[in-house]
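Listed below, chain by chain, are the residues.
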Amino acid sequence: MTNRIRRGLALLGLGLLVACAGIGPSHAAPLLEIVVAGADRTVTLDRADLAALPRTTVVTATPWTAGETRFEGVLLRDLLGELGLPAGDVVARALNDYEATIPAADIAGYDVLVADRLDGEAMSIREKGPLWIIYPLDAHPELAGPDTEAKMVWQLFRLTVQ
Ligand SMILES: Nc1nc2c(c(=O)[nH]1)N[C@H]1C(S)=C(S)[C@@H](COP(=O)(O)O)O[C@H]1N2
Ligand SMILES: [Mo]
């Protein structure tokens, strides 16, 4: 199979999963749950599902990492778009029950990444993984500061689309 066909099949699989939300195949290691508020609809993605979506790299310094760091993953904008989900505000919830709202305007206007790799490696929970919301801080000086930092949720496991 060519990579193009393989990617097509992977996306088709995702589509079917979305269509069968709630009764889809069980995942060996679910990484991310996406809930559409008020729509009785949940999509569960594992690492392979995330790997099959359009990938983006954001290189930036952060308050929690040393020097320029290379984050790879799926833009929040692309994630919602590819899954056919509404473009609303998104509440990001972490394993420690920390929650922050990522405004729809941020998702549209900035490359907000759901990162699943840091400098080429998967992130353990201890390393703020398996998923981390990354804003492109270095590319946009106006993002510096605690308001953005509060939205950079690590140990992410659930997104709720408002
Ligand atoms: N998973 C998780 N992510 C989180 C938080 C948290 O408590 N848990 N705190 C947020 C807030 S409010 C800020 S200001 C920064 C805090 O980072 P610090 O604990 O390194 O100061 O991370 C954000 N991301
Ligand atoms: Mo904060």
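Residues numbered from 1 in each chain as written. Chains lettered and ligands numbered in written order. Predicted model: local features only at pLDDT ≥ 70, side-chain atom pairs only at ≥ 80, totals over all residues. Heavy atoms only, no water.

Moving on, we come to the side chain of threonine 160. With respect to the element layout, threonine 160 can be found in strand β10 (residues 156-161). Not counting chain neighbours up to four residues away, the residues in contact with threonine 160 comprise Val35, Ala37, Asp89, Val90 and Val91. (Helix = DSSP H or I, 4+ residues; strand = E, 2+ residues; numbered from the N terminus. Contact = heavy atoms within 4.5 Å.)

What follows is about the confidence of the model for the chain. It should be kept in mind that the predicted coordinates are not to be read in detail where pLDDT is low. Mean pLDDT over the chain stands at 88; residues scoring 70 or higher make up 83%. Segment residues 5-9: pLDDT under 50, and five contacts once partners within four positions in sequence are set aside and those in other chains are kept. The low-confidence segment residues 15-27, where pLDDT is below 50, has 15 contacts with residues more than four positions distant or belonging to other chains. (pLDDT = per-residue confidence, 0-100.)

What follows concerns the site of ligand 1. In the vicinity of ligand 1, the residues found are Trp64, Ala94, Asn96, Tyr98, Glu149, Ala150, Met152, Val153 and Trp154. Within the contact set of ligand 1, a nitrogen atom lies 3.0 Å away from a side-chain nitrogen or oxygen of asparagine 96. Against a free-state accessible area of 520 Å², the protein chains account for coverage of 63% of ligand 1. (Near = heavy atom within 4 Å. Polar contact = N/O pair within 3.5 Å; in protein donor to acceptor, adjacent residues only side chain to side chain. Areas by Shrake-Rupley, 256 points an atom, 1.4 Å probe, with all protein chains shown as cover.)

The next point concerns the nonpolar core. With 41 residues, the main nonpolar core has Ile34, Leu79, Ile133 and Leu159 as its most contacted residues. It is strand β1 (residues 30-36) that provides the largest number of residues to this core, a total of four residues. Once residues lying within four places of it in the same chain are set aside, the contact partners of isoleucine 34 are Arg41, Thr42, Val43, Leu45, Leu79, Leu83, Leu85, Leu159 and Val161. (Core = buried A, V, L, I, M, F, W, Y, C linked by side-chain atoms within 4.5 Å. Buried < 20%, exposed > 50% of the residue type's maximum accessible area, 1.4 Å probe, protein only.)

All chains considered together, the criterion is met by four aromatic pairs. With 5.5 Å between their ring centres and 65° between their planes, tryptophan 64 and tryptophan 154 make a pair best called edge-to-face. Here tryptophan 64, found in the loop between β3 (56-60) and β4 (69-75), pairs with tryptophan 154, found in the loop between α5 (146-149) and β10; they are 90 residues apart in sequence, far enough to count as distant. With a relative accessible area of 27%, tryptophan 154 lands in the partly exposed category. Aromatic pair tryptophan 132 and tryptophan 154: ring centres 6.4 Å apart, planes at 80°, arrangement edge-to-face. (Phe/Tyr/Trp six-rings, centres within 6.5 Å; stacked < 30°, edge-to-face > 60°.)

Turning next to the side chain of threonine 56. Tracing the backbone through its elements, the reader meets threonine 56 in strand β3. Take threonine 56: its relative accessible area is 18%, and that puts it in the buried class. Dropping the residues within four chain positions of it, threonine 56 is found in contact with Phe71, Glu72, Gly73, Leu75, Asp78 and Leu113.

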